[in-house]
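As a plain string of letters, each chain reads:
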Amino acid sequence: MKKILLISLCVTAVQMVNAQSMDLLSKGHLSGSFETYSQLYKDDNSIGAVAPPSNIGSNNFLKLDYTYGQFTAGIQYESYLPSIQDYFSTNSANALNGSQIANKYFKYHEKNFSIQVGDFYEQFGSGIVFRSWENRPIGINNATEGVNFFIQPTDFLKIKVLSGRTRTLFSYSNSTVRGADAEIDFSKWLNKKDAVNPVSLSLAGSYVSRFEDGYTGPIANYPQTVDAYSRRLNFEVSGFSLGVEYVTKGADPHVLNKQSMSTGKALLINTAYTKNNFGISVTGRALSNMDYRSEREVVSADANQLMLNYLPTLTKQQDYMTSNIYVYSTQALNESGLQADVFYNFKAGSAIGGKYGMKLSLNFSYYGALSSVDNITSIGNQNYFHDANIELKKKWSKMLETSITYQNIFYNKTVIQNPAPDVYCNVFAISNIYKYSKKKSIRLVLEDLSTKQDGGNWAAGVAEFSFAPSYSFYFSDLWNYGTAGVPYYGATNGINSGVHYFNIGGSISKNASRFSLCFGRQRAGLLCLGGVCRYVAASYGFTATLTTNFGN
Amino acid sequence: MFKRLLFSFVSMISFASFISAQDNLPNVKIKSVKKGKEVEFSSIATECKDTVLIVSFFATWCIPCASELDNINEVYKDKQKEKPFKFIAVAIDDSRTSQRVKPFINGKGWTFDVYLDINSDLKRAFEVNDIPHILIIKNNKVVYQHTGYVAGGEDELFEKVKTL
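Residues numbered from 1 in each chain as written. Chains lettered and ligands numbered in written order. Predicted model: local features only at pLDDT ≥ 70, side-chain atom pairs only at ≥ 80, totals over all residues.

Student: Whenever I open this one, the overall build of chain A confuses me. Can you help?
Tutor: In terms of regular secondary structure, chain A is built from three helices and 31 strands. Its C-alpha atoms give chain A a radius of gyration of 26 Å, within 12% of the compact-globule value 24 Å for 552 residues. Across its three principal directions, the C-alpha atoms of chain A cover 80 × 65 × 65 Å. When each of the 552 residues of chain A is scored for burial, the buried share is 42%. Residue pairs at least 24 apart in sequence account for 56% of intrachain contacts in chain A once pairs closer than 6 positions are excluded. (Helix = DSSP H or I, 4+ residues; strand = E, 2+ residues; numbered from the N terminus. Rg over C-alpha atoms; globule rule 2.2 N^0.38 Å. Buried ≥ 20, exposed ≤ 12 C-beta atoms within 10 Å, placed from the backbone. Contact = placed C-beta atoms within 7 Å.)

Student: Explain the overall build of chain B here, please?
Tutor: Each helix and strand counted, chain B has six helices and seven strands in total. Starting at the N terminus, the α and β elements of chain B follow one another as α-β-β-α-β-α-β-α-β-α-β-β-α. Considering chain B as a whole, with its 164 residues, one finds that 47% of them fall into the buried category. By sequence separation, contacts in chain B at least 24 residues apart represent 70% of the contacts at least 6 residues apart.

Student: In this structure, what is going on with the packing of helix α3 (residues 63-82) of chain B against helix α6 (residues 153-162) of chain B? I would like to understand it.
Tutor: Residues and elements named next belong to chain B. In contact at an axis separation of 10 Å, α3 and α6 are set at 35° when each is read in the N-to-C sense. In terms of crossing hand, the pair formed by α3 and α6 is right-handed. Each of Glu68, Asn71, Ile72, Val75 and Lys79 in α3 lies in contact with α6, whose residues at this interface are Gly153, Glu154 and Phe158. Counted by class, the contact of α3 with α6 contains three nonpolar, two polar and three charged residues. (Axes fitted to C-alpha atoms, helices over the stretch in contact; angles between N-to-C directions. Left-handed = near helix turned anticlockwise from the far one by under 90°. Nonpolar A, V, L, I, M, F, W, Y, C, P; charged D, E, K, R; others polar.)

Student: Looking at this model, I keep getting lost on the environment of A:Arg443. Mind explaining?
Tutor: Residue and element names in this part refer to chain A. Assignment of secondary structure puts Arg443 in strand β24 (residues 440-450). As for Arg443 and Val462, which are separated by 19 residues in sequence, their C-alpha atoms are 7.6 Å apart. For Arg443, the residues in contact, after removing those within four places along its chain, are Ser431, Ile433, Val462 and Glu464.

Student: Help me out: how do you make sense of the confidence of the model for chain B in this one?
Tutor: In low-pLDDT regions, the fine details of the predicted coordinates are not to be read closely. All names here are of chain B. Within chain B, residue pLDDT values average 87, and 86% of them lie at 70 or more. Predicted confidence for residues 12-22 stays below pLDDT 50, and this span has 17 contacts to residues more than four positions away or in other chains. In the model output, the complex is listed with pTM 0.89 alongside ipTM 0.89. (pLDDT = per-residue confidence, 0-100.)

Student: What should I look at first to understand α6(B) in this one?
Tutor: An α-helical segment advances 3.6 residues per turn. Residues three or four places apart therefore align on the same side. All names here are of chain B. Of all the positions in α6, only Gly153, Glu154, Leu157 and Val161 are classed as buried. On an axial view of α6, the arc spanned by its buried residues comes to 100°, and they lie on one face. Those residues of α6 that are exposed and angled more than 90 degrees off the buried face are Glu159 and Lys162. Buried-residue contacts for α6 involve β3 (52-58), α3, β4 (85-91), β6 (133-138) and β7 (141-147). (Arc of directions from axis to C-beta.)

Student: How should the interface of chain B and chain A be read in this particular structure?
Tutor: A common measure of how large an interface is: the accessible area buried when the components associate. Facing the 43 residues of chain B at the interface are 65 residues of chain A. Of all the secondary structure elements, the ones that give two or more residues to the side of chain B that touches chain A are α1 (2-17), α4 (101-108), β7 and α6 of chain B. Classifying every residue of the side of chain B that touches chain A gives 16 nonpolar, 16 polar and eleven charged.

Student: What am I meant to see in the pairing of strand β21 (residues 379-395) of chain A here?
Tutor: Two faces make up the sheet, and in a regular strand the side chains alternate between them. All names here are of chain A. Strand direction decides the pairing type here: strand β20 (residues 358-370) and β21, joined by twelve bridges, are antiparallel. Along β21, the bridge assignment pairs Tyr367 with Phe385. Sheet topology note: the β21/strand β22 (residues 400-411) ladder contains eleven bridges and is antiparallel. If you follow Phe385 over to β22, its bridge partner there is Tyr411. Hairpin connection from β21 to β22: four residues lie between these consecutive antiparallel strands. (Pairing = 2+ DSSP bridges.)

Student: Where do I start with the sheet that holds β3(B) in this structure?
Tutor: Picture the strands of a sheet paired through backbone hydrogen bonds; they go either parallel or antiparallel. Residue and element names in this part refer to chain B. Read across the open sheet, the seven strands follow the order β2-β1-β5-β4-β3-β6-β7; overall the sheet is mixed. Of all the strands in the sheet, the pair left with one neighbour each is β2 (38-40) and β7. Neighbour-to-neighbour, the strand axes of this sheet turn through a mean angle of 30°, independent of strand direction. Where α3 meets the sheet, it contacts β3 and β4, and its direction lies at approximately 160° from that of β4. Against the sheet, α6 makes contact with β3, β4, β6 and β7, and its axis sits at roughly 10° relative to β6, the strand it touches most.

Student: Explain the nonpolar core to me, please; I cannot follow it from the model alone.
Tutor: Nonpolar side chains in soluble globular proteins generally cluster together in the buried interior. Within the largest apolar cluster, 59 residues are counted, with the highest numbers of intra-cluster contacts made by A:Val129, A:Ala266 and A:Tyr326. Ignoring sequence-local partners within four residues, the contact set of A:Val129 consists of A:Phe124, A:Ser206, A:Val208, A:Ala228, A:Ser230, A:Val247 and A:Asn309. Within the second largest apolar cluster, 42 residues are counted, among which are B:Ala45, B:Cys62, B:Ile137 and B:Val161. (Core = buried A, V, L, I, M, F, W, Y, C linked by C-beta atoms within 7 Å.)

Student: Where do I start with the confidence of the model for chain A in this structure?
Tutor: Averaged over chain A, the pLDDT score is 89; the fraction of residues at 70 or greater is 92%. Considering only residues more than four positions removed or in separate chains, one finds that residues 489-494 of chain A, a stretch of pLDDT under 50, has 16 contacts.

Student: Could you clarify how one ought to interpret unusual backbone geometry in this entry?
Tutor: Excluding glycine, most residues fall at negative phi; most peptide bonds, likewise, are trans. With an omega of -15°, the peptide bond running from A:Leu81 to A:Pro82 counts as cis. Of the consecutive residues A:Ala468 and A:Pro469, the connecting peptide bond is found in the cis state with omega at -5°. Tracing the backbone shows A:Pro469 in the loop between β25 (458-467) and β26 (471-480). At A:Asn221, a position not held by glycine, the phi torsion is positive, near 55°. Note on placement: A:Asn221 falls in the loop between β14 (199-211) and β15 (225-237). In this structure, B:Asn139 takes a positive phi of about 50° despite not being glycine. Look at B:Asn139 and you get partly exposed, because 14 C-beta atoms sit within 10 Å.

Here's what the structure looks like:
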């Protein structure tokens, strides 16, 4: 009897809570998103693919946000059943298997003021000293757990202050991160009212500090606290802009920099000029000892974990399969280089543009070592990478559009991946879209990469059939027709040339949801998205993804 | 594993079943590429009132996004004559490529307004998973969404606008 009473009491209590929470929910607003990325692996000797013990990898993310007036609260539930191959670490023993609420936050927000408690994403300047962010395809979520405060006391001053610890997988760093950033906008004093070409000028500074105690090693005066400072300038007038950021960082000995006691430095210069139908942008960057993490014990197998700063690869992100064989990855300890872009639109009706116009895009990037890591402006002789490329996109008629790309690449594989000869290669790609009826189209892509080094030549092709706006099916193949006798220095040495990396798949999009399924082979190499790369071993099998959102 | 996945789905659907549409759009700040000034997203939407507002999330490094916006740029002014609407594009380019956005859009000859969402705050507030992603807003409510792009998708979009 007592039991029944207890149970009925519990049920009533739950119902009351439910009724209350329902009442609250109906006043506010709940929204969210869901994403699953799942793979079924099979062994495949011809490409060196070895299925993990579970044969399955599945990453799942459920994000929920509740807004009530000026308040927002939310969670992110993550489920790894287990995590997909090479996701957090190339060491399969480190695969994550489990589920939990990984991020949770509460935020109060007004027009010129906000405070957030819990896990948050934030960035100072371009992120060279601090960025906490999420990049799901690459396996990055270094949200800071703590307090994040923003205030704009007057229209020309913005201040951010934060303190917390860095998320890594399902736990947090054994350290505390503190930071502040202030930006002053001088524009209001430089311009008359209703100026035609207003000048914009701002100066900013950031300070970030990481404190980690518990060092028991042999180095005397081991720094428990590592501070980093950034100074920034942004100037803009008419179509011209200039941005400069200079960063210094205290001595930060760790495994990746071989316990070096030297300090870190970085310089970033962005400049751009643009007018109608034309744009040019040039970015230069130099980095010396700038690998800045929340914990000093991070090892290279977990290269993307516990990062405090953001040092993206400043090269053009190409979409072609062969273009993605030799991709650059930032060398945070010693790097200097630049990237330049030119965009031009030959207008429709002009001599070159023709009836539908033509778009030109030129890009060049070069990266190499500094001659002295103590001098941030000393350009050295050791080359890491270059990519000179041109892309032309021309519409011939309402039905046919062609895009042509040529790339010349130099790739220092020893520095970027693993000991191997330097690679010089040329990539040529042509993509055609033929829209043969209002909703139906075919896309055909042909690519070739030619090189005398590494695994030799590659060719690739894609055929894709689309039914707008929802359905798409494709078949693709990437074929290594390397010269006989040239070994392919992939994930596993000794993979024979002549291998076909085929894929067949399709996708359905409906409103905010998208489902895709594909079957085929994945080449071993660097997978790069958002300027960050992770190494993936060769794999073979099925991949299914589903993304959706609700409550918008 | 499948039981756990199924559980995730079921809980998600039951959550979704009592969610009503958003009354207030996110007051997240985005930066106008042309004017260099920050504006609250909600104020752009409020200004449109019952005129349809189309928001396209894109990035300079996203190939299908550029194709979609190239094709929209070609026809949207003609389509506006058939039925008035406002079209804006929101770049989620982060500090890696945000400096390229202005030269990129001018070099493409795009004439609609473009905004920067450098820390993806607006993208997160609208629960956008992947780009390209389109939202249609009317009277401060999201009335239609579409994710992904294939050739001809823009025709479907403007057909949808006509019905609103």
